[in-house]
Amino acid sequence: FMATSAGVKTREEKKIREDVEAANIPCFQTQLHERTAYSHMFRFKLAVDELPSDETSGLKAAIDNADAFRREVTHIIRQDREGQKDQKHEEAVVA
């Protein structure tokens, strides 16, 4: 799901999430919410943590949201790498 509302989940979003989970399709738990800061990234051509706080409402919440998403992605990548290492080790032991 991309750019979800920070305050209200639509029926469509809830239904899609239910369908995805029922189908056992992995998805991120952390959602990037629609925020002024994210559109300002394109307007000012800056990273979210470089944006001017006097011109960007909700900047701290956007930075916190982006950081939570980054941590989840990093965790998933590390888990995948560990799984690949374990699989290679098991293949080497069998051979």
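Each value, and the rule that gives it
- Residues numbered from 1 in each chain as written.
- Predicted model: local features only at pLDDT ≥ 70, side-chain atom pairs only at ≥ 80, totals over all residues.
- Heavy atoms only, no water.
- Helix = DSSP H or I, 4+ residues; strand = E, 2+ residues; numbered from the N terminus.
- Buried < 20%, exposed > 50% of the residue type's maximum accessible area, 1.4 Å probe, protein only.
- Contact = heavy atoms within 4.5 Å.
- Areas by Shrake-Rupley, 256 points an atom, 1.4 Å probe, with all protein chains shown as cover.
- Polar contact = N/O pair within 3.5 Å; in protein donor to acceptor, adjacent residues only side chain to side chain.
- Core = buried A, V, L, I, M, F, W, Y, C linked by side-chain atoms within 4.5 Å.
- Expected span 1.5 Å × (residues − 1).
- Arc of directions from axis to C-beta.

A. Structural detail: the overall build of the protein chain. Looking only at helices and strands, one finds 3 helices and 0 strands in the protein chain. Sequence-ordered secondary structure for the protein chain, helices as α and strands as β, is α-α-α. Across the 95 residues of the protein chain, 19% fall into the buried class. Residue pairs in contact within the protein chain that sit at least 24 positions apart in sequence constitute 47% of those at least 6 positions apart. By element, 55% of the accessible surface of the protein chain is carried by carbon and sulfur atoms, the whole surface being about 7,500 Å².

B. Seen up close, the side chain of E72. Its place among the elements puts E72 in helix 3 (residues 59–94). A polar contact of 2.7 Å, which involves the side chain of E72, links it to the backbone nitrogen of Q29. Ignoring any residue separated from it by four or fewer positions in sequence, one finds E72 in contact with C27, F28, Q29 and T30.

C. Seen up close, the nonpolar core. L32, A37, Y38, V48, L51, L59 and A62 form the largest nonpolar core, which has 7 residues in total. At the level of elements, helix 2 (36–44) and helix 3 are the ones that each hand at least two residues to this core. When neighbours within four sequence positions are excluded, V48 is seen to be in contact with A37, Y38, M41, L59, A62, I63 and A66.

D. Looking closely at unusual backbone geometry. Residue N24 is not a glycine yet carries a positive backbone phi of 55°. For N24, the position within the fold is in the loop between helix 1 (11–22) and helix 2. Backbone geometry at K45 places phi at a positive 55°, although glycine is not the residue there. The residue K45 is located in the loop between helix 2 and helix 3 in this model. Classification of K45 by relative accessible area gives exposed; the value is 71%.

E. Expanded view of helix 1. Taking 1.5 Å of rise per residue, 12 residues should cover 16 Å, and helix 1 covers 16 Å from first to last C-alpha, within 8% of that figure. Looking at helix 1, one finds that the buried residues are E13, R17 and V20. Down the axis, helix 1 shows its buried residues gathered within 65° of arc, on one side only. Exposed residues pointing more than 90 degrees away from the buried face of helix 1 are listed as R11, E12 and A22.

F. Inspection of the environment of K9 at higher detail. In this fold, K9 is placed in the segment before helix 1. Residue contacts for K9: discarding those within four places in its chain leaves K14 and Q31.

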